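Residue strings, one per chain:
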Amino acid sequence: MQIHTGRTHQVRVHFQFIGHPLVGDAIYGARLNARLKELTSYAAPRVMLHARELSFIHPRTEEQMSFEAPLPKDFREALKLCERTVKWRLRAGMPALIPAFSPRRRGIIRRLV
């Protein structure tokens, strides 16, 4: 999915609509975040939304402008924690995925491991 325009609220609504609410989104991802906290003891301090790369054509110069930003520290730490927890649960023979996830979501999480 490529976001061309939109404010944070619109992005959050769209991700929730396609079945992928954002981690840390207390409004549109409350159930998913509660289950994430239950499985990993992790509660996101904020909505985990980050633009790794932004590109646009400058309105005056018509020059292609591109910017990149690394993942913030809290984002990297959250990903590491979730990955470790899922791997540990799988090694222990425990369910590592949220049973309410659809097969599509389950596939995405398995690819993250």
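Residues numbered from 1 in each chain as written. Predicted model: local features only at pLDDT ≥ 70, side-chain atom pairs only at ≥ 80, totals over all residues. Heavy atoms only, no water.

**Quick notes on helix H3 (residues 73–91)**
Across its 19 residues, H3 extends 27 Å between first and last C-alpha, which sits within 8% of the 27 Å expected from 1.5 Å per residue. Among the residues of H3, those classed as buried are Phe75, Ala78, Cys82, Thr85, Val86 and Arg89. Down the axis, H3 shows its buried residues gathered within 100 degrees of arc, on one side only. Opposite the packed face of H3, turned more than 90 degrees from it, sit the exposed residues Lys73, Lys80, Arg84 and Arg91. As for H3, its buried residues are in contact with helix H2 (30–40). Trailing H3 by a residue or two, Gly93 shows a phi angle of about 75 degrees, which is positive. (Helix = DSSP H or I, 4+ residues; strand = E, 2+ residues; numbered from the N terminus. Expected span 1.5 Å × (residues − 1). Buried < 20%, exposed > 50% of the residue type's maximum accessible area, 1.4 Å probe, protein only. Arc of directions from axis to C-beta. Contact = heavy atoms within 4.5 Å.)

**Quick word on the environment of Thr8**
The residue Thr8 is located in helix H1 (residues 8–17) in this model. Separated by 41 residues in sequence, Thr8 and Leu49 place their C-alpha atoms 8.4 Å apart.

**Some points on a nonpolar patch on the surface**
A cluster of nonpolar side chains, Leu54, Phe56 and Phe67, forms an exposed patch at the surface whose accessible area comes to about 290 Å². Structurally, Phe56 is set in strand S1 (residues 53–57). (Patch = residues over 30% accessible without salt bridge, like charges linked within 9 Å, V, L, I, M, F, W, Y side chains within 5 Å. Areas by Shrake-Rupley, 256 points an atom, 1.4 Å probe, with all protein chains shown as cover. Salt bridge = Lys/Arg side-chain N within 4 Å of Asp/Glu carboxyl O.)

**Considering the nonpolar core**
Within the largest apolar cluster, six residues are counted, these being Leu36, Tyr42, Met48, Phe75, Ala78 and Cys82. Per element, the largest residue contribution to this core is three residues, and it comes from H3. Among residues more than four places away in sequence, those in contact with Met48 are Leu22, Val23, Tyr42, Asp74, Phe75 and Ala78. (Core = buried A, V, L, I, M, F, W, Y, C linked by side-chain atoms within 4.5 Å.)

**Structural notes on the pattern of salt bridges**
Per the counting criterion, the structure on display carries five salt bridges. With a shortest N-O distance of 2.3 Å, Arg35 and Glu38 are connected by a salt bridge. With Arg35 and Glu38 both in helix H2 and three residues apart, the pair spans about one turn of that helix. A relative accessible area of 21% places Arg35 in the partly exposed class. Taking the shortest distance from any N to any O, the salt bridge between Lys73 and Glu77 comes out at 3.9 Å.

Keep in mind that these numbers describe shape and distance, not what the molecule does.
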